[in-house]
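Now for the letters of each chain:
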Amino acid sequence: MTVLWNKRRVMPAKRRLTMRHLRQMLRLAGDGTSAREIAQRLGTARSTVQDNNLKRAAAAGLNWPLPGELTDDALERRLFARAGSSRACGGFRSRMGGAGAGTEEAGAR
């Protein structure tokens, strides 16, 4: 879904990136792709890529390639737990009914 902005420019509507997109973002950044190009490929705003996620990854000490044993839940905790964001409170997986939903770990967040 896109939203027209200034009648010429098309900007993506706000949406949450999936863990797959976050991993792809880190891979592209590790390959030297600019934040603008990453945003275009993922269909999101440059500020979402650069300000929100790449800075979080750097602060969490994450770079590409990610350790093979790093699960989506562990990646999410490292990226979002410090910020106190809505993702850290309830977690992506627990809201989606995925792994960790309804467990002590999901309830502890």
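The structure this text deals with has already been given above.
Nothing here was measured: the structure is a model prediction, and the numbers come from that model.

Rules used throughout
Numbering of residues starts from 1 in each chain and follows the order in which that chain's sequence is written. Note on the predicted model: pLDDT of at least 70 is required for a residue's local features to be given, and 80 or more for side-chain atom pairs to be given and counted; whole-chain, interface and lining totals, by contrast, use all residues. Hydrogen atoms and water are omitted, and side-chain values are computed over all heavy atoms in the structure. Salt bridges, as used here, are contacts in which a Lys or Arg side-chain nitrogen is within 4 Å of a carboxyl oxygen on Asp or Glu. Counting from the N terminus, the helices are DSSP H or I runs at least four residues long and the strands are E runs at least two residues long. A 1.4 Å probe rolled over the protein chains alone gives each residue an accessible area, and that area as a share of the maximum for its type sets the label: buried under 20%, exposed over 50%, partly exposed in between. Each nonpolar core is a collection of buried residues, namely Ala, Val, Leu, Ile, Met, Phe, Trp, Tyr and Cys, held together in the definition by side-chain atoms within 4.5 Å. By the convention used here, residues are in contact when the closest approach between their heavy atoms is within 4.5 Å.

Quick rundown of the pattern of salt bridges? Include the residues and the values.
With the rule as written, the count across this model stands at four salt bridges. Two residues, Arg27 and Asp31, come together in a salt bridge whose shortest N-O distance is 3.7 Å. The closest approach of N and O atoms between Glu37 and Arg41, which form a salt bridge, is 3.1 Å. Separated by four residues within a single helix, Glu37 and Arg41 lie in helix α2 (residues 35-42), roughly one turn from each other. We classify Glu37 as partly exposed; its relative accessible area is 29%.

Tell me what's going on with the environment of Met19, and back it up with residues and numbers.
Tracing the sequence through the fold places Met19 in helix α1 (residues 19-30). Each C-alpha atom of the pair Met19 and Asp73 lies 9.0 Å from the other, and the pair is 54 residues apart in sequence.

Explain the nonpolar core to me, using residue names and the numbers behind them.
The biggest cluster of nonpolar side chains holds 20 residues, and the ones touching the most others in it are Leu22, Met25, Leu62, Leu75 and Leu79. With residues up to four places along the chain from it excluded, the contact list for Met25 reads Ile38, Leu42, Val49, Asn53 and Leu54.

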